[in-house]
Amino acid sequence: MADDVTPLASLSLTHVYYNPTDPISMLCAFLSLLPQALCVVYATLLWSTREAEVLLMFAGQLACEAVNFVLKRLIKEERPRLLGTGIGGKGIAVGKGYGMPSSHAQFAAFWAVALSLFLLVRHRPLGAARVTTAEAARRGDGNDDSAAGGPVAQAVRSVHGTDRAGRLAAISASIEAYSHSHWTLAQRAVVSAGALVVAAAVAWSRVYLGYHTVRQVVAGSAAGAGCAAAWFAVTYLMRETGALAWALELPVARWFRVRDLVVVEDLCQAGWEKWELRRRAALEEERARLKEKEKKGQ
């Protein structure tokens, strides 16, 4: 009867072997889960933004995984074996399947290079919207709600005094200016460099944990970077030939409300300007209501 029991299997997708007494090994184990985390990020961004660029990048990421699947079965290079373990001291491989090229390194490299190409080459934010400067706040320009002449600043001034209200308005104006500022090229370069460092850390973690050799993670990183560059060229042609614009007019794309805005505006900026218009309209209505109330009181 015991022979009829089916042995349990481990879901290797999220199963990582590491040395529990080594903090670096534990860190490497978490780094190995980056591909799964990025898939969650892709799905979240797709659902929340419906951006065509995110969809294209995710499609390229999946295509890169398909390339890795094919390469592993063409090259058929085994993973490194742990010395002193296994039958006859020949050692056993930590992971399952072939090891050349590293799928983790290829996945992370594609993500980092694709993100860098988007931020540094494709992303061209439009000119920033009109913002309030600290100088305008100090002047008491009533055309902006965060200035010293706005209703909020006037209310604060009446309670706390002119100087304090002026300082508050200047701080508010500084925050307002930042909230309407797009990422500069230098900021995008820093983010891109950070992504590349993370991808390198993921590749290094696979060697540290014994899942791959250095040659296998280098090959995976090169394959991922190459796939990212090739996919960037494909998506460039899609934009230039009008294929993407045509696809966005399809009923399925419109039903899912797919849009293509992130190329010319920051992802976190999407919807902000619309919110600002509503906020300013509400403040203008409140200002008009207060003026009307004052007139009736006179």
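Every value quoted in this text rests on a predicted model; they were computed, and no experiment measured them.

Trainee: Hey, could you run me through the nonpolar core in this one?
Mentor: Inside soluble globular proteins, nonpolar side chains tend to come together where they are buried. Counting residues in each nonpolar core, the largest one holds 24 residues, and the members touching the most others are Tyr-42, Met-57, Phe-110, Trp-111 and Leu-115. Secondary structure elements with two or more residues in this core: helix 2 (34-49), helix 3 (52-75), helix 4 (103-122), helix 8 (185-208) and helix 9 (214-240). Of all the elements, helix 4 adds the most residues to this core, at nine residues. In contact with Phe-110, not counting residues within four places along its chain, are Met-57, Gly-60, Gln-61, Cys-64, Gly-224, Ala-225, Cys-227, Ala-228 and Trp-231. Val-16, Cys-28, Ala-29 and Leu-209 belong to the second-largest nonpolar core, a separate cluster that totals five residues.

Trainee: Looking at this model, I keep getting lost on the UniProt feature "transmembrane region" (unreviewed entry) in the protein chain. Mind explaining?
Mentor: The sites that UniProt annotates as "transmembrane region" (unreviewed entry) are residues 24-47, 104-121, 189-211 and 217-238. Between the end C-alpha atoms of residues 104-121 the distance is 25 Å, and the span holds 100% helix and 0% strand. Helix makes up 100% of residues 217-238 and strand 0%, and the two end C-alpha atoms of the span are 31 Å apart.

Trainee: How should I be thinking about the confidence of the model for the protein chain in this particular structure?
Mentor: It should be kept in mind that the predicted coordinates are not to be read in detail where pLDDT is low. On average, the protein chain scores 77 in pLDDT, and the residues at 70 or more come to 70%. The secondary-structure element of the protein chain with the lowest mean pLDDT is helix 5 (residues 134-139), recorded at 40, while helix 9 shows the highest, at 93. In this model residues 83-89 is a low-confidence stretch, pLDDT under 50, and it forms six contacts with partners more than four residues away in sequence or in other chains. Between residues 128-162, whose pLDDT stays under 50, and residues either more than four places distant or in other chains, the model counts 60 contacts.

Trainee: Help me understand the packing of helix 4 against helix 9 in this model?
Mentor: Helix-helix packing is characterised by the crossing angle of the two axes and by the distance between the axes. At a closest axis distance of 7 Å, the pairing of helix 4 and helix 9 adopts a crossing angle of 40°. Relative to helix 9, the element helix 4 lies oblique. In terms of crossing hand, the pair formed by helix 4 and helix 9 is right-handed. A breakdown of the residues in the contact of helix 4 with helix 9 according to their chemical character gives 17 nonpolar, five polar and two charged.

Trainee: Quick question: what am I supposed to make of the environment of Met-26 here?
Mentor: Following the sequence through the fold, Met-26 ends up in helix 1 (residues 23-31). Judged by relative accessible area, which is 35%, Met-26 ranks as partly exposed.

Trainee: What should I look at first to understand helix 1 in this one?
Mentor: An α-helix turns once per 3.6 residues; consequently, residues spaced three or four apart project the same way. Residues Ser-25, Cys-28, Ala-29 and Leu-31 constitute the buried set of helix 1. Buried residues in helix 1, looked at end-on, bunch into an arc of 160°, giving them a common side. Facing away from the buried surface of helix 1 by more than 90 degrees, the exposed residues are Pro-23 and Phe-30. Lining the buried residues of helix 1 we find helix 2 and helix 8. Backbone nitrogen of Ile-24 and a side-chain oxygen of the N-cap are separated by 3.1 Å at the start of helix 1; the cap is Asp-22.

Trainee: Could you clarify how one ought to interpret helix 4 in this entry?
Mentor: Taking 1.5 Å per residue as the helical rise, helix 4 with its 20 residues ought to reach 28 Å, and the 26 Å between its terminal C-alpha atoms agrees with that figure. The buried fraction of helix 4 is high, at 16 of 20 residues. Its side-chain oxygen placed 3.2 Å from the backbone nitrogen of Ala-105, Ser-102 serves as the N-cap of helix 4.

Trainee: I would appreciate a short explanation of the packing of aromatic side chains in the present structure.
Mentor: By convention here, two paired aromatic rings are described through the distance between centres and the angle between planes. One pass over the full model with this rule turns up three aromatic pairs. Centre to centre, the rings of Trp-204 and Tyr-208 are 5.3 Å apart; their planes meet at 45°, and the pair counts as tilted. Pair noted here: Trp-204 and Tyr-208 are both in helix 8, with a separation of four residues, about one helical turn. According to the relative accessible area criterion, Trp-204 is partly exposed, its value standing at 42%. Taken together, a centroid distance of 4.7 Å and an interplanar angle of 90° make the contact between Trp-255 and Phe-256 edge-to-face. Over the ring of Trp-47 we find Arg-50, and its NZ or CZ is 4.4 Å from the ring centre. The ring of Tyr-211 carries the charged tip of Arg-206 above its face, separated from the ring centre by 4.2 Å.

Trainee: Just to check I follow, could you spell out the environment of Leu-31 for this structure?
Mentor: For Leu-31, the location among the structural elements is in helix 1. Taking C-alpha positions, Leu-31 is 5.5 Å from Val-202, a pair spaced 171 residues apart along the chain.

Thresholds applied
Residues numbered from 1 in each chain as written. Predicted model: local features only at pLDDT ≥ 70, side-chain atom pairs only at ≥ 80, totals over all residues. Heavy atoms only, no water. Core = buried A, V, L, I, M, F, W, Y, C linked by side-chain atoms within 4.5 Å. Buried < 20%, exposed > 50% of the residue type's maximum accessible area, 1.4 Å probe, protein only. Helix = DSSP H or I, 4+ residues; strand = E, 2+ residues; numbered from the N terminus. Contact = heavy atoms within 4.5 Å. UniProt positions renumbered as here; feature names shortened; annotations may be inferred. pLDDT = per-residue confidence, 0-100. Axes fitted to C-alpha atoms, helices over the stretch in contact; angles between N-to-C directions. Parallel < 35°, antiparallel > 145°, perpendicular 65-115°, else oblique. Left-handed = near helix turned anticlockwise from the far one by under 90°. Nonpolar A, V, L, I, M, F, W, Y, C, P; charged D, E, K, R; others polar. Arc of directions from axis to C-beta. Polar contact = N/O pair within 3.5 Å; in protein donor to acceptor, adjacent residues only side chain to side chain. Expected span 1.5 Å × (residues − 1). Phe/Tyr/Trp six-rings, centres within 6.5 Å; stacked < 30°, edge-to-face > 60°. Lys NZ or Arg CZ within 6 Å of the ring centre and 35° of its normal.

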